[in-house]
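Secondary and tertiary structure notes
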Amino acid sequence: MEKPRPVIGPDNAFFWEGCKRRQLVFQKCKSCGHVRWPPAHVCPKCLEYDWEEIVSSGQGIIYSYVIYHFPYHPGFREELPYVVALVDLMEGPRVLTNIIECDSSALACDLPVEIVWDEEGEIPIPKFRLRKA
Amino acid sequence: MGRVAIIGVGQSAFVRSYPGGIRELAFEGFKEAILDAGIKVSDISASVVCSAPEYDKQRSPAGVIAEYLGLNPQPTFYVESLCSSSSMGLRVAYSLVKSGLHDIVAVIGFQKMSEITSAESQERMGRGADIQWESPFGTMMPAYYAMYAQAHMAKYGTTLEDLALIRVKAATYGQINEKAVYRKAVTLDMFSDPANPMSGPVASPLRVGDCCANADGSSCVIVANEEKAKIFSKKPVWILGLGSATAPVNVTGRELFTGLAVARAAAEQAYKMAGITPDKVDVAEVHDCFTIAEMMAYEDLGFAKPGEGKDLIRSKETYKEGKIPVNVDGGLLSKGHPIGATGGSQIRTIVLQLRGEAGPMQVKDPVIGLVHNIGGVGLYGNVTILGRE
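The structure displayed is predicted, hence computed values, not measured ones.

Reading the values: the criteria
- Residues numbered from 1 in each chain as written.
- Chains lettered and ligands numbered in written order.
- Predicted model: local features only at pLDDT ≥ 70, side-chain atom pairs only at ≥ 80, totals over all residues.
- Heavy atoms only, no water.
- Pairing = 2+ DSSP bridges.
- Helix = DSSP H or I, 4+ residues; strand = E, 2+ residues; numbered from the N terminus.
- Contact = heavy atoms within 4.5 Å.
- Axes fitted to C-alpha atoms, helices over the stretch in contact; angles between N-to-C directions.
- Buried area = accessible area lost by both parts, 1.4 Å probe.
- Polar contact = N/O pair within 3.5 Å; in protein donor to acceptor, adjacent residues only side chain to side chain.
- Nonpolar A, V, L, I, M, F, W, Y, C, P; charged D, E, K, R; others polar.
- Phe/Tyr/Trp six-rings, centres within 6.5 Å; stacked < 30°, edge-to-face > 60°.
- Buried < 20%, exposed > 50% of the residue type's maximum accessible area, 1.4 Å probe, protein only.
- Lys NZ or Arg CZ within 6 Å of the ring centre and 35° of its normal.
- pLDDT = per-residue confidence, 0-100.
- Parallel < 35°, antiparallel > 145°, perpendicular 65-115°, else oblique.
- Left-handed = near helix turned anticlockwise from the far one by under 90°.

1. Details of the sheet that holds strand 3 (residues 51–55) of chain A
Residue and element names in this part refer to chain A. Spatially, three strands are ordered 2-1-3 in an open sheet, and the strand pairing comes out antiparallel. The outermost strands of the open sheet, each flanked by one partner alone, are strand 2 (35–36) and strand 3. Bridge count for strand 1 (residues 25–29) against strand 2 is two bridges, and the pairing is antiparallel. Each residue of the ladder has a partner; that of Q27, found in strand 2, is R36. Here helix 1 (residues 13–20) sits on the sheet and contacts strand 1 and strand 3; the angle it forms with strand 1, its principal contact strand, is near 140 degrees.

2. Here we look at the interface of chain B and chain A
With 30 residues of chain B at the contact, the number on the chain A side is 34 residues. Where chain B abuts chain A, roughly 2800 Å² becomes buried across the two surfaces, and 66% of that area is made up of carbon and sulfur atoms. Linking chain B to chain A there are 14 residue pairs in polar contact (both at pLDDT 80 or more). Of all elements in the fold, only helix 5 (144–156) and strand 5 (201–204) of chain B reach the threshold of two or more residues within the side of chain B that touches chain A. For the side of chain B that touches chain A, the per-class residue count stands at 17 nonpolar, 10 polar and three charged.

3. Notes on the packing of aromatic side chains
Counted according to the given criterion, the structure contains 14 aromatic pairs over all chains. Aromatic pair Y68 of chain A and Y82 of chain A: ring centres 5.1 Å apart, planes at 20 degrees, arrangement stacked. You can see Y68 of chain A sitting in strand 4 (residues 59–68) and its partner Y82 of chain A sitting in strand 5 (residues 82–89), a full 14 residues away along the chain. According to the relative accessible area criterion, Y82 of chain A is buried, its value standing at 7%. An aromatic cluster of three or more residues is present, and its members are F15, W16, F26 and W37 of chain A together with W133 of chain B. The ring of Y63 of chain A carries R94 of chain A above its face, with NZ or CZ at 3.8 Å from the centroid. Above the ring of Y182 of chain B, the side-chain terminus of R167 of chain B is found at 5.0 Å from the ring centroid.

4. Concerning the confidence of the model for chain B
Any residue range with low pLDDT should be treated as having predicted coordinates unsuitable for detailed reading. Mean pLDDT over chain B: 95, with 98% of residues reaching 70 or higher. For this predicted complex, the interface confidence reaches an ipTM of 0.92, while the overall pTM sits at 0.95.

5. Here we look at the packing of helix 5 of chain B against helix 10 (residues 291–300) of chain B
All names here are of chain B. In contact at an axis separation of 10 Å, helix 5 and helix 10 are set at 55 degrees when each is read in the N-to-C sense. The angle between the axes of helix 5 and helix 10 places the two elements in the oblique class. Like other packed secondary-structure pairs, helix 5 and helix 10 cross with a definite hand, here left-handed. Across the interface between the two elements, Y145, Y148, A149, H152 and Y156 from helix 5 touch I292, A293, M295, M296 and E299 from helix 10. Residue composition of the contact of helix 5 with helix 10, by class: eight nonpolar, one polar and one charged.

6. Notes on the sheet that holds strand 3 (residues 76–79) of chain B
Residue and element names in this part refer to chain B. Here we have nine strands laid out as an open sheet, ordered 3-2-4-7-1-8-11-10-9, and mixed in their pairing. Of all the strands in the sheet, just strand 3 and strand 9 (283–285) have a single pairing partner and so form its edges. Ignoring which end each strand starts from, the neighbouring axes of this sheet average 25 degrees apart. Bridge count for strand 8 (residues 237–246) against strand 11 (residues 380–387) is eight bridges, and the pairing is antiparallel. Pairing of W238 across the sheet is with G387, part of strand 11.

Structure follows, in structure tokens:
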């Protein structure tokens, strides 16, 4: 079975368009400067609409993570065990993602990670791996 | 405006699979509560029916349950906040009574989790993930408690053995609670034996033994104004404090993963309303859907400082004879967790404790009790403080 794929709509198209360029992009409020996540049509801090795009360096640290041993979606059965993590990016936002290309026993909170694009589907999906020294 | 009391409590046995439908299941907890309160069904002027609709086949279940329980033509309310639905129901009942709109209100919680198959249940819970920002990464909502566990262990040095100790305590009391779904003992050895199912990884760091038991069950709490409480009840238990809070559904919007912000906020409100500090609580029921959830509850409720919850369980201070007994009815881990019925069952346990009627689970002479009931993974938080005269 196929994995769930992003569902592209007007409020999030900029993000997935960024992914197609292999860029992790976020919305920065033009009024108050808040970098928001997840995408929204209005700034949750100051309620203003105008925003500009910033490109993330793709560098961050693992805040916390879970190793899945059970496929809650059958599309992930072949990946078991796989890692779901919260990554704090240098630019501010905390994103939910997968840590890949790793031995899960080598993981720990606060380890530095870097972006790696999952090219399996039509739209590249931003995932992370332990930062190479 | 007078005080608001709980004058009757009841619950069905929590079982793996209840043979009847939701009407019959709801009736079991309701009947026990009516008999406990010593009232007639016609004395009830409104009902609040609570469940989590993801498990229900019946739409708008309040209507069919009010009909079956003989509660027509009085009004009924349907209240849902996932696993904290019936604590939220109590909050609604309190408001209805305190406002003077109703004098006696029944809060009826139920869940027939076996109504859908395990595969359907997993599929529905999977759908609970945000399809845009979570599903592409293979996440599943309850597994976020593992995210909290990992963060708590990394920050405070809480160990897997500490979490297992909470499961061992739950099983100690589940064995003596005749309404519990899981009546067997659990030992630390089971967690260190790879061949034992308890040690099997689910969402690491959580193992099978760290997770609560699904169950079918119902609960009922009868809430009354002071005048009616004095007429019907020799031992009314007063609602002293209520707190309630919400957090972002999207976990990336949360700052804290070493505790539940909703529990801290709800506890602060409830303590303030009751005019007490955490050290005044004599017995507590906390939402131990996973072992880590009880550990965080110790800290979020102020029974221990952040990071020191592990000391409470290591020294057995949350056992029946300890400084602050917690979940001495088996908790969600052993008693079972029929979502919509859980809060009402926790309230029942505390009411029985305060009345000195908890049988083999009775704590010595408690005056003030607390219920901590969480919906979702820290999405909805309810804290209720109860006291006897």
